[in-house]
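Structure at a glance
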Amino acid sequence: MRSFWVERWGKPLAYEDLREWIKALEKAGELKRVGEEVDPVLEIAEITDRASKSGKGSKTAGGPALLFENVKGYPGASVLMNQFGSERRMKLALEVDSLDEIAGRIRALLEVKSPEGFLEKLKMLPVLAEVGKFFPKTVAAKDAPCKEVIKREGFSVLDFPVLKCWPLDGGRFITLPCVVTRDPKTGKRNVGMYRMQVYDGQTTGMHWQRQKNAAEHLREKLRAAAGDSAAAHVQAMAETAGGTMNMSSGNIGLSQVKDDRLEVAVAIGTDPATTFAAIVPAPPEVEEFLIAGFLRQKPVELVKCETVDLEVPANAEIVLEGYVKLDELRVEGPFGDHTGFYTMEEEYPVFHITCITHRKDPVYASTIVGKPPMEDAWMGKAVERIFLPLMKLTLPEIVDIDLPVEAVFHNLMIISIKKSYAGQARKVMNGIWAMGQAMFTKCVIVVDEDCDVQDLGEVTLRVANNIDPERDIQFTLGPVDSLDHASRMPNYGSKMGIDATRKWVAEGFTRPWPPMIEMDAETKARVDAIWKKLGLD
Ligand SMILES: Cc1cc2nc3c(=O)[nH]c(=O)nc-3n(C[C@H](O)[C@H](O)[C@H](O)COP(=O)(O)O)c2cc1C
Ligand SMILES: [Mn+2]
């Protein structure tokens, strides 16, 4: 694999930055430069949407990556869109021939057993050295391209061609930001991708949903700032921070609190592994910079920020530094969302920018979301493949999973299992609803291991035939995605599991279960032998 990349790009792995990635895309015939003048308001989105939807079912599905080099109102600026928008580019981004290769690498790591003797310990050394390679490194500011231009005053985020994506959007949105925060309790960093609505040159929204890691960092800070006496207020604020409850800010009495802010840094336009790591639903213990290092097999280089105590990828095109005030919320949206519908106005924290640093002639990297398939569909598929071995750690009976793109990520998860005991399909559903961001899964379908979950026709046949609906559909209540517009309440609603596995006597099914129809091997072989002669192809 490595040799393949060395041959191909003449260097051993890991794109240094967005520019090297763009070069690689161009070399692979995956990039289209657009020289025609286009407006960052709606036009770039419409062009990108058409590209995303082109080539359906063919080898060119997802269209090319697009580099807009003549952006109306932004002379000299360029905008990169659809960089991850096909299976080919997703593999190119992560430098693999197949996404399952990364799953294989994770499996190999997980399979390392504890060494018993001295020799075995010695054998472990290469593995440990390999892991050591993934940890981020800090470099000096002079070696950080993102510091080529430093603006502590007179800056504006609108100096960059931030897009307005859809007609009813509440404004322009930064859609591909790597948002860095630090857990006030543990000091651990987190990188998440949370969209940012531009309110003015120095202020944006910060759309981290309440169940996401940065929202928890904010709550931790709030708990610490308010002290026990204000517990009720903290709870109310905590419910609101990154959420939807209507509550006027300020009534928690934080004006006396010295440390009334959570520092935030935002990197835009990083190497592809780092950008991708920001969307990976990793457990809070695992820092995304480490994931990026693992994916690119080379440490991410970080540099200290100018005005906040955080680090950002040194290779970033643009860095926004600032803070979110603990007691401030502002209406965010509407925004044309992943679901294909608008997410309507809701209150979210506000990001105040204290400094902007950037490379000379920065490339502005963005994406649009909307009715699938879009660029994010390919990113979601990569997450699905990479997480399979990790899900199997908790639910070892899982054979394969599929999240159909049309259902928009966690609205539908189809799982095949090796069923060994009564009620196991229900156990798997409950496991999914308890597992990280899989908690958002609205419908879970469980089938037997002999059903190919990637074949929706086969899945439909199993579900339609194998269920007694009243018996086999399970409803439950729990947290739902903030983007769900159908749930009874924002962020809280019901989920459904369908047990489409064969039913057992041990599950109270006493009728005979019929075998599925399959021709015997001998007959198949005989027909294979004469098939060509029949001239039926
Ligand atoms: C293009 C794109 C935009 C996203 N926008 C948001 C967003 O605005 N808010 C949010 O909470 N999650 C958003 N997500 C999903 C998060 O990035 C994802 O849940 C990630 O795992 C969050 O990181 P965390 O687990 O460290 O909190 C977006 C994902 C993508 C691919
Ligand atoms: Mn995280």
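Up top is the structure these notes are about.
Residues numbered from 1 in each chain as written. Chains lettered and ligands numbered in written order. Predicted model: local features only at pLDDT ≥ 70, side-chain atom pairs only at ≥ 80, totals over all residues. Heavy atoms only, no water.

Another aspect to go through is the packing of aromatic side chains. Summed over all chains, the structure comprises six aromatic pairs. An angle of 90° between the planes, with centres 5.9 Å apart, marks the rings of Tyr-194 and Trp-208 as edge-to-face. Residue Tyr-194 is found in the loop between strand E8 (189–192) and strand E9 (196–200), and its partner Trp-208 is found in the loop between strand E10 (203–205) and helix H7 (213–226); the two are separated by 14 residues along the sequence. For Tyr-194, a relative accessible area of 6% corresponds to the buried category. It is Arg-261 that lies over the ring of Tyr-323; its NZ or CZ is 3.7 Å from the centre. Directly above the aromatic system of Tyr-199 lies the positively charged group of Arg-330, at a separation of 3.7 Å from the ring centroid. (Phe/Tyr/Trp six-rings, centres within 6.5 Å; stacked < 30°, edge-to-face > 60°. Helix = DSSP H or I, 4+ residues; strand = E, 2+ residues; numbered from the N terminus. Buried < 20%, exposed > 50% of the residue type's maximum accessible area, 1.4 Å probe, protein only. Lys NZ or Arg CZ within 6 Å of the ring centre and 35° of its normal.)

Moving on: the pairing of strand E11 (residues 261–268). The element E11 is extensively covered by neighbouring structure, given that six of its eight residues are classed as buried. In this structure, strand E7 (residues 177–182) lies alongside E11, joined through four bridges in antiparallel fashion. Looking at the pairing, Val-179 lines up with Val-266 of E11. Pairing geometry for E11 and strand E14 (residues 318–332), over eight bridges, is antiparallel. (Pairing = 2+ DSSP bridges.)

Ideal geometry at a metal gives 109.5 degrees between four tetrahedral donors and either 90 or 180 degrees between six octahedral ones. Around the manganese ion (ligand 2), the protein contributes the donor atoms Asn-190 (OD1), Asn-213 (ND2) and Glu-288 (OE), which lie 2.0 to 2.6 Å from the metal centre. Positions of the donor residues of the manganese ion (ligand 2) along the chain correspond to the pattern N-x22-N-x74-E. One end of the pair, Asn-190, is in strand E8; the other, Glu-288, is in helix H10 (residues 288–296), with 98 residues separating them in the sequence. Overall, Asn-190 belongs to the buried group, its relative accessible area being 2%. Look at Glu-288 and you get buried, because its relative accessible area is 3%. (Donors = N, O, S within 2.8 Å, 3.2 Å for Na, K, Ca; no water.)

Near ligand 1 you find 20 residues, and of these Asn-190, Met-193, Tyr-194, His-207 and Gln-437 are the closest. Contact distances for ligand 1 include 2.6 Å between a nitrogen atom and a backbone N or O atom of His-207. Contact distances for ligand 1 include 2.7 Å between an oxygen atom and a side-chain N or O atom of Gln-437. (Near = heavy atom within 4 Å. Polar contact = N/O pair within 3.5 Å; in protein donor to acceptor, adjacent residues only side chain to side chain.)

One pass over the structure, following the stated rule, counts 45 salt bridges. A salt bridge links Lys-304 to Glu-311; the nearest nitrogen and oxygen atoms lie 3.4 Å apart. Arg-462 serves as the salt-bridge partner of Asp-450, at 3.1 Å between the closest nitrogen and oxygen. Residue Asp-450 is located in the loop between strand E21 (443–448) and helix H13 (456–466), and its partner Arg-462 is located in helix H13; the two are separated by 12 residues in the primary sequence. Residue classification places Asp-450 among the exposed positions, given a relative accessible area of 53%. In the salt-bridge network here, residues are joined through shared partners; they are Asp-100, Lys-381, Glu-384, Arg-385, Asp-400 and Asp-402. (Salt bridge = Lys/Arg side-chain N within 4 Å of Asp/Glu carboxyl O.)

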